Amino acid sequence: MEVYNKEIFCRTMIVNEALFGQTEDQLRMMMKEVDTELNFDFHNFYLCLTGLPKKYYTSDLKLNRQDFVRIFEAFILRIQAQARQAAVEMMHAVINYDGSKQIVFLIKKGAKTESEILMFTRQIMETLEAEYQKDERYRQSSLANFTVLSELISDYSTLAAAFEKLRKLSRLAYFDMRPAVIRSQDIPQGKGDWNRIRELLEQIELLLFDKNVRKLELAVHELFIKEVKPSFNFDLGYAVINDLNRLTMKLKDQLNLTQSSASLLFHLDRYFSVEETEKAVLEQLRQIHQEAAADYQRMSPVTQQAIAWIKQNYTEEIGLQETADYLGMAPAYVSRTFSRDLKISLSAYITRLRIERAKLLLMETNMRIAEIAVSVGIVNRDYFSVLFKKNTGMRPQAYRDCYRQ
């Protein structure tokens with residue numbers, strides 16, 4: 001097959017060296033050693049990165065090496081013919097050095113306008129997408145060929161940096177998994193609405209104990225599709241996943257969930273799109289909801305009412321006496337009933353809520369420690385610091401510093 005002849009093998013090796021930072025002098029020495037010429041002028045050209053990363057072939061589509069060769073050989077033959085017809089000078093190579101097996105094209109600008117280059121890049125995307133679509137496994141998946149195009153590269157010295165930027169841009173397919181050609185200027189610089197995200201995370205925790213699972217589904221959907229997806233922000237995505245992991249671990253202890261700790265943890269890198277992440281998170285939360293709902297129903301009405309009231313008021317100076325006053329019952333009876341149902345004291349439960357809220361504020365805001373203490377219902381800064389360290393093993397400032405590193 002064409003993809004295995006010596007010329008293409010050497011060209012692929014040399015192009016990979018160039019993309020991953022080899023100097024121009026070393027590159028020319030390498031070409032001389034393997035008796036290969038690239039015949040490409042590294043001035044005023046574009047990079048185009050296309051194709052699914054290798055992990056999707058193996059883990060999601062179950063395609064083997066022969067499938068890969070079949071798809072890309074047909075694709076390359078077609079796109080080479082289109083390049084000749086459009087009078088586009090280009091060179092291509094499979095990306096081997098990072099194991100992605102994506103295809104990179106070096107496209108000369110020549111006399112072409114930026115619009116013409118973009119139009120040809122769309123041909124690249126559509127041609128490869130058409131080859132993927134011939135495979136039933138691809139058609140049945142939610143994957144798509146997300147193709148990215150660099151800005152104009154003036155000379156060889158900026159090639160490696162431009163390629164690294166392009167690889168990062170390619171990862172943004174996670175937020176917009178569809179057949180498309182994307183340039184850096186097409187990506188919105190979103191940060192997400194952290195206030196709304198916090199509200200949704202708090203709602204999700206409450207809704208895990210609600211009889212109506214549909215409310216939980218709607219909150220998870222809004223979190224991922226209306227907040228995470230349009231942000232194109234991996235920091236936000238990882239932060240949301242970390243918060244959900246903290247929630248599932250807390251619920252495991254609180255509800256004695258039957259699932260293992262490993263199965264309750266979400267890993268953003270396992271999912272190829274926001275939609276797949278939403279699906280995985282919702283599937284796990286539905287299972288927790290079933291156990292939580294059953295556990296909640298076993299609680300006495302006293303404990304249920306106490307939990308609901310505490311979650312609405314724990315940022316104020318409340319404790320056992322205030323909770324008992326709200327319920328109109330004796331503090332001793334409320335304390336005994338609460339501890340029996342949750343296997344944790346009422347004061348410890350309030351402290352847990354306050355510490356979790358404080359963690360979020362330490363990570364996501366620049367509020368002073370004293371301000372955070374007051375905002376979670378603890379007026380004494382020193383007492384807050386002692387309590388925080390007792391529950392986390394770290395003082396508040398150390399926790400913030402650790403997270404931001």
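Residues numbered from 1 in each chain as written. Predicted model: local features only at pLDDT ≥ 70, side-chain atom pairs only at ≥ 80, totals over all residues. Heavy atoms only, no water.

Engineer: Sorry, what's going on with the overall build of the chain here?
Structural biologist: Scanning the chain from terminus to terminus reveals 19 helices and six strands. Computed over the C-alpha atoms, the radius of gyration of the chain is 28 Å, more than 25% above the 22 Å expected from 2.2 N^0.38 for a compact globule of 405 residues. Principal-axis analysis of the C-alpha atoms gives the chain an extent of 90 × 45 × 35 Å. For the chain, with 405 residues in total, the buried portion stands at 50%. (Helix = DSSP H or I, 4+ residues; strand = E, 2+ residues; numbered from the N terminus. Rg over C-alpha atoms; globule rule 2.2 N^0.38 Å. Buried < 20%, exposed > 50% of the residue type's maximum accessible area, 1.4 Å probe, protein only.)

Engineer: For this particular structure, what's the right way to read a negative patch on the surface?
Structural biologist: A grouping of E316, E317, E322 and D325 is seen on the molecular surface, where their side chains present a negatively charged patch. Here E316 lies in the loop between α13 (301–313) and α14 (320–327). (Patch = residues over 30% accessible without salt bridge, like charges linked within 9 Å, V, L, I, M, F, W, Y side chains within 5 Å. Areas by Shrake-Rupley, 256 points an atom, 1.4 Å probe, with all protein chains shown as cover. Salt bridge = Lys/Arg side-chain N within 4 Å of Asp/Glu carboxyl O. Lys, Arg positive; Asp, Glu negative; His and termini not counted. Charge placed at Lys NZ, Arg CZ, Asp CG, Glu CD.)

Engineer: Mind showing me how you'd approach the pairing of strand β2 (residues 90–94) here?
Structural biologist: Regular strands place their side chains on alternate faces of the sheet. The element β2 is extensively covered by neighbouring structure, given that five of its five residues are classed as buried. Here β2 shows no split at all, with M90, H92 and V94 on one side and M91 and A93 on the other all buried. Bridge analysis of β2 against strand β3 (residues 103–108) gives five bridges, and the strand direction is antiparallel. Counted as the bridge partner of V94 is I103 from β3. (Pairing = 2+ DSSP bridges.)

Engineer: It is not clear to me how the environment of L223 should be interpreted in this structure. Could you clarify?
Structural biologist: You can see L223 is positioned in helix α9 (residues 213–228). According to the relative accessible area criterion, L223 is buried, its value standing at 0%. With 17 residues separating them in the primary sequence, L223 and V240 have C-alpha atoms 8.7 Å apart. Among residues more than four places away in sequence, those in contact with L223 are I197, L200, L201, I204, V228, V240 and L244. (Contact = heavy atoms within 4.5 Å.)

Engineer: Explanation requested: helix α18 (residues 381–392) in the structure shown.
Structural biologist: Since there are 3.6 residues in each turn of an α-helix, residues three or four apart along the chain are aligned in direction. The end-to-end C-alpha distance of α18 is 16 Å, a good match for the 16 Å that twelve residues give at a rise of 1.5 Å each. The inward-facing, buried residues of α18 contact α16 (346–364), α17 (369–375) and α19 (396–404). Looking one or two residues beyond α18, the residue adopting positive phi is G393, at roughly 85°. (Expected span 1.5 Å × (residues − 1).)

Engineer: Please explain the pairing of strand β1 (residues 43–50) as it appears in this structure.
Structural biologist: Of all eight residues in β1, six are buried; the element is thus mostly enclosed. Strand direction decides the pairing type here: β1 and strand β5 (residues 153–155), joined by two bridges, are antiparallel. Each residue of the ladder has a partner; that of H43, found in β5, is D155. As paired elements, β1 and β3 share six bridges and run antiparallel to each other. Bridged to C48 within β3 is F105. Relative to strand β4 (residues 146–149), β1 runs antiparallel, the two sharing two bridges. Within the sheet, the bridge partner assigned to C48 lies in β4 and is L149.

Engineer: Can you walk me through the packing of aromatic side chains in this structure?
Structural biologist: Both the distance between ring centres and the angle between the ring planes are used here to describe each pair of aromatic rings. Evaluated as defined, the whole model comprises 24 aromatic pairs. Ring geometry for F234 against Y238: centres 6.3 Å apart, planes inclined by 35°, an arrangement best described as tilted. One end of the pair is F234 and the other is Y238, both in helix α10 (residues 234–255) and four residues apart, which spans about a single turn. An aromatic cluster is defined as three or more aromatic residues linked by ring pairs; in this entry it consists of Y57, F68, F72, F75, F105, Y132 and Y138. The ring of F234 carries R171 above its face, with NZ or CZ at 4.2 Å from the centroid. (Phe/Tyr/Trp six-rings, centres within 6.5 Å; stacked < 30°, edge-to-face > 60°. Lys NZ or Arg CZ within 6 Å of the ring centre and 35° of its normal.)

Engineer: Please clarify how the nonpolar core should be interpreted in this entry.
Structural biologist: Nonpolar side chains in soluble globular proteins generally cluster together in the buried interior. Counting 120 residues, the largest nonpolar core has L47, V104, F105, F224 and I310 as the members making the most contacts within it. At eight residues, the largest contribution of residues to this core is made by helix α4 (residues 65–86). With 15 residues, the next largest nonpolar core counts A373, V376, I378 and F388 among its residues. (Core = buried A, V, L, I, M, F, W, Y, C linked by side-chain atoms within 4.5 Å.)

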